[in-house]
Structure formats: C-alpha cells, structure tokens
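Listed below are the residues making up each chain.
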Amino acid sequence: GGGDATTTAAPKRKRVPKEKAPAAATDLAFTVARVRRLMKRDPEIKTVTSDAVVAVSKATELFIKAFAEAARNNVGSDTRRTLMYRDFWQTVDSDDRFEFLVDVLPAERSLGPSAGTQRALVPPDNAPPSNSANA
C-alpha cells in the first residue's frame, strides 16, 4: 500500500438533539421582564441571565398548566367548566405533587372585599380542623 496509514480512531458519538428552549420571549406566557423582576426580589440574587429567566418562565408556565389540569381532574363534573379555589385546594390535599403548597393554599379562603356577599369556600368533609379557637 502506498501511503495509507491505518489508524484506529475512536468512534464518533452520536449527538442527541436537545429539546429546544423557546427561541424568543414571545414564545413565553410570562414576559421576561416580569419574571426577571420577580426573581430579583430575592435579596441574594443580584443579576439573572436571560437564558435563566427564559427557563424559569417556561417552568412556571408548565407548572401552572399541570396544576390547572390536576384541579380540573378534581372537578368531577364534565359540565362545570369553571375552576374554583376549592378545586385547587382539593388538588393540593389529594395530589402529592402539590403537597408543598399546603401552607400557601389554606383550606378556607376569604374571597376578598366582596366576601360579605359571598361565603368562604369550604373544603370537603375530610379537611383538617380550623385553626380558630373554640370558646
């Protein structure tokens, strides 16, 4: 053979395509500026890179979608198309994925300034006892 040097090259690794992140902020449900502002509310965070903000924005969007879908599954009626506070509370109470929200979503919730005309949402019978003192 004339000049053919045989070398054993390591086989090339096949590249596995990565899932593409949203290319532009327009692909996101939450604006980059708003998410950045929320992230920077933490006093230990001085700056946040744009790609980190996009990642947190997309993760937030996916969390809200999953939480709403889980709450929808708790509705139990195919005719009701409105999600209520109690649907989310029941989801937190029954789905281990959302258990970390137990202190964020209390069992009973005031409905704001118009609460005088509306009653507080009351969870199902298996709800934990209220924190109010019995006198």
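In the block above lies the structure referred to throughout.
Worth saying up front: this structure is predicted, and the values here are computed from it rather than measured.

Asker: Hey, could you run me through the packing of aromatic side chains in this one?
Answerer: Aromatic ring pairs are described here by two measures, namely the spacing of the ring centres and the angle between the planes. Applying the stated criterion across every chain, the model contains five aromatic pairs. What links up through ring pairs into an aromatic cluster is the set Phe63, Phe67, Phe88, Phe98 and Phe100.

Asker: Looking at this model, I keep getting lost on the environment of Ser57. Mind explaining?
Answerer: Structurally, Ser57 can be placed in helix H2 (residues 50–75). Spatially, the C-alpha atoms of Ser57 and Arg36 are 8.9 Å apart, while their sequence positions differ by 21 residues. Apart from the residues within four sequence positions on either side, Ser57 is in contact with Leu28, Phe30 and Val35.

Asker: Help me understand the packing of helix H1 (residues 32–39) against H2, please; the structure alone is not making it clear to me.
Answerer: Helix packing for two helices is described by the angle between their axes and how far apart those axes are. Closest axis-to-axis distance for the H1/H2 pair is 9 Å, and the angle between their directions is 95°. Classified by the angle their axes make, H1 and H2 are roughly perpendicular. On H2, the residues that touch Val32, Val35, Arg36 and Met39 of H1 are Ser50, Val53, Val54, Val56 and Ser57.

Asker: Before we go on, may I ask you to explain helix H3 (residues 85–94) in this structure?
Answerer: Taken residue by residue, H3 has Tyr85, Asp87, Trp89, Thr91 and Val92 as its buried positions. Looking at the buried side of H3, the elements it contacts are H2.

Asker: Sorry if this is basic, but what is going on with the pattern of salt bridges here?
Answerer: Oppositely charged side chains may form a pair once their charged atoms are brought near each other. Within the structure shown, the criterion is met by three salt bridges. Between Lys58 and Glu61 there is a salt bridge, with its nearest N and O atoms 3.5 Å apart. Of this pair, Lys58 and Glu61 are both found in helix H2, three residues apart, which corresponds to roughly one turn of the helix. The partner of Arg80 in a salt bridge is Asp87, and the shortest N-O contact between them spans 2.9 Å. On the basis of relative accessibility, which here comes to 1%, the residue Asp87 falls in the buried class.

Asker: How should the side chain of Asp87 be read in this particular structure?
Answerer: Looking at the secondary structure, you find Asp87 in helix H3. In terms of polar contacts, Asp87 uses its side chain to reach the side chain of Arg80, at 2.9 Å. With sequence-adjacent residues up to four places away left out, Asp87 is seen in contact with Ala71, Asn74, Val75, Arg80 and Thr82.

Asker: Explanation requested: H1 in the structure shown.
Answerer: Helical geometry note: an α-helix holds 3.6 residues per turn, so side chains three or four residues apart project in the same direction. Turning to H1, its buried residues are Val32, Val35 and Met39. Around the axis of H1, the buried residues are gathered within 70° of arc, so they sit on the same side. Opposite the buried face of H1, by more than 90 degrees, sit the exposed residues Arg37 and Leu38. Buried residues in H1 make contact with H2.

Parameters at a glance
Residues numbered from 1 in each chain as written. Predicted model: local features only at pLDDT ≥ 70, side-chain atom pairs only at ≥ 80, totals over all residues. Heavy atoms only, no water. Phe/Tyr/Trp six-rings, centres within 6.5 Å; stacked < 30°, edge-to-face > 60°. Helix = DSSP H or I, 4+ residues; strand = E, 2+ residues; numbered from the N terminus. Contact = heavy atoms within 4.5 Å. Axes fitted to C-alpha atoms, helices over the stretch in contact; angles between N-to-C directions. Parallel < 35°, antiparallel > 145°, perpendicular 65-115°, else oblique. Buried < 20%, exposed > 50% of the residue type's maximum accessible area, 1.4 Å probe, protein only. Salt bridge = Lys/Arg side-chain N within 4 Å of Asp/Glu carboxyl O. Polar contact = N/O pair within 3.5 Å; in protein donor to acceptor, adjacent residues only side chain to side chain. Arc of directions from axis to C-beta.

Honestly, it's all geometry; don't read function into it.
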